[in-house]
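Here are the chains, one letter per residue:
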Amino acid sequence: MLTQLLSLRHNGAAVTAIVILFWASAAALLYTQVGYAMLLALLTRVRPALGQLALGQLAPGQPAPPASGPPSVSVIVAAYAEQEVIADRVANLRALDYPADRLEVVVACDGSPDATVARALAAGADLVLELERGGKIRAQDAGVDRARGEVVAFSDANVLWDPGALRALVAPFADPRVGYVCGDVRFVNQRGTNQEGLYWRYEMAVRRLESRLSSVTGGNGAIYATRRQAYLVVDPIMGHDLSFPFNMVKRGWRAVYAPEARASEKMVPTIEGEFARKRRMMSHGWPIVVRGGMLSPRGYDPLYALMIFSHRVLRYLSPFLHVIALVTSLALLGHGWVYVAALAIQLAVLGAAALVPARPLLVARYYVLTTASLAAGLWDWLRHGTPVGWEPAEGTR
């Protein structure tokens, strides 16, 4: 590809096409990484009508729900080989600031080969399902089938919730239009090189703006909930984090973010481990994008369609946009200083990512590897599909 582009550098029409490719890719990258958040912030200021549905608020004139107390909630923890952490997870849920008679703890064991079942029972879970291995999604489906709560909430086994997290998580359901709520997860990494926490703080800021304007475009597996009636049964390779929010919107629900619903989770210690984790995640994510309905605008209003395109489609295309920007800047050397500068910046980021880690360089390494993981996940899915099975995240125990 590069050789062909270089051979066209003296063809006027070809140079124009290469220039267009360069600027289109560079603009798309800048927009999806920085400009989108700026646009959301602007819209919340200049279009207050869009922001009237801020988290936890009812629309003007809408009657408040009767003060009958908080809804009954079933918290479902899907678990596979989690014997080391499941007792702590159950104990943490039992200690939440929520009426005990309205809280049900369900552990759905996905064919666990260890003592997860016995330890969940001993820790005081209300219901422990001993299932055949079918994958996380099917374990969650089984938990919902047996749950008694009006609201079904979900969490991973290696996560801890703050005492008030559940109250904050279910509060937005006072608005009858809300079908899905995700909370705030903080990644803990006392040592190691992973920079996921830095990225995730930015992502949460974007999610807050999305929620104020319309609905979020993505969730997380650490802390989220749906109305029982809104719960969706999806393809077992398509995780809830990405498939639930946009599908809720298509069905007429709002999908919102509750920043006070806080959870903490140990992150994978190294950037290389984060690359492997995100690669696995995106092997589940790409089927949702390509054939799971995300790309179909049916059911989206114009604002939410723009949000999906900006924060999901363009973001997942970023590794390919980076390749286009790099190749075209090489091809345009000799056509202006701006292309020399663009090439120098790109090579500097790649060089920094390859050097011995120091904190400023770790950010570059994190960005390069996590961006590459998007393409690697697509390659894995196209090459051999995505298995429904799952394993505990390495290094998070």
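Residues numbered from 1 in each chain as written. Predicted model: local features only at pLDDT ≥ 70, side-chain atom pairs only at ≥ 80, totals over all residues. Heavy atoms only, no water.

Asker: Would you explain unusual backbone geometry in this entry?
Answerer: It is generally the case that most residues other than glycine have a negative phi and that most peptide bonds are trans. Even without being a glycine, Ala81 presents a positive backbone phi close to 55°. As for its position among the elements, Ala81 is in the loop between β1 (73-79) and α3 (86-94). (Helix = DSSP H or I, 4+ residues; strand = E, 2+ residues; numbered from the N terminus.)

Asker: Explain helix α9 (residues 271-291) here, please?
Answerer: The α-helix advances 3.6 residues per turn, and as a result positions three or four apart in sequence lie on the same side. Here α9 spans 30 Å end to end across 21 residues, near enough to the 30 Å set by a 1.5 Å rise per residue. Of the residues one or two after α9, Gly293 is the one with positive phi, at around 100°. (Expected span 1.5 Å × (residues − 1).)

Asker: It is not clear to me how the nonpolar core should be interpreted in this structure. Could you clarify?
Answerer: Formed by 73 residues in total, the largest nonpolar core has its most connected members in Val107, Trp161, Leu166 and Leu169. Not counting residues within four places of it along the chain, the set of residues in contact with Leu166 comprises Val73, Val75, Leu96, Tyr98, Leu103 and Trp161. One finds Ala37, Leu43, Phe246 and Trp286 within the second-largest nonpolar core, a separate group that totals 27 residues. (Core = buried A, V, L, I, M, F, W, Y, C linked by side-chain atoms within 4.5 Å. Buried < 20%, exposed > 50% of the residue type's maximum accessible area, 1.4 Å probe, protein only. Contact = heavy atoms within 4.5 Å.)

Asker: Help me out: how do you make sense of the sheet that holds strand β6 (residues 178-188) in this one?
Answerer: Pairing between the strands of a sheet comes from backbone hydrogen bonds, and it takes one of two forms, parallel or antiparallel. Taking strand neighbours across the sheet as the criterion, the eight strands line up as β3-β2-β1-β4-β7-β6-β8-β5 in an open arrangement whose pairing is mixed. Edge positions in the sheet fall to β3 (127-131) and β5 (159-161), since each has one partner strand and no second. Looking at each pair of strands side by side, their axes are set apart by 25° on average, direction ignored. Two elements, β1 and strand β4 (residues 151-155), share five bridges in a ladder whose sense is parallel. Its bridge partner being in β4, Val73 is matched across the sheet by Val151. (Pairing = 2+ DSSP bridges. Axes fitted to C-alpha atoms, helices over the stretch in contact; angles between N-to-C directions.)

Asker: Got a minute to help me understand the pairing of β3 in this structure?
Answerer: Each regular strand shows side chains that alternate between the opposite faces of the sheet. Taken together, the five bridges between strand β2 (residues 103-110) and β3 define a ladder with parallel strand orientation. Looking across to β3, one finds that Cys109 is bridged to Glu130. Taken together, β2, helix α4 (residues 116-123) and β3 constitute a β-α-β crossover, and its handedness is right-handed. (Right-handed = clockwise from strand over helix to strand, strands pointing away.)

Asker: Please explain the side chain of Glu274 as it appears in this structure.
Answerer: With respect to the helices and strands, Glu274 occurs in helix α9. Judged by relative accessible area, Glu274 falls into the buried class, the value being 1%. A distance of 2.8 Å separates a polar atom in the side chain of Glu274 from a polar atom in the side chain of Lys278. (Polar contact = N/O pair within 3.5 Å; in protein donor to acceptor, adjacent residues only side chain to side chain.)

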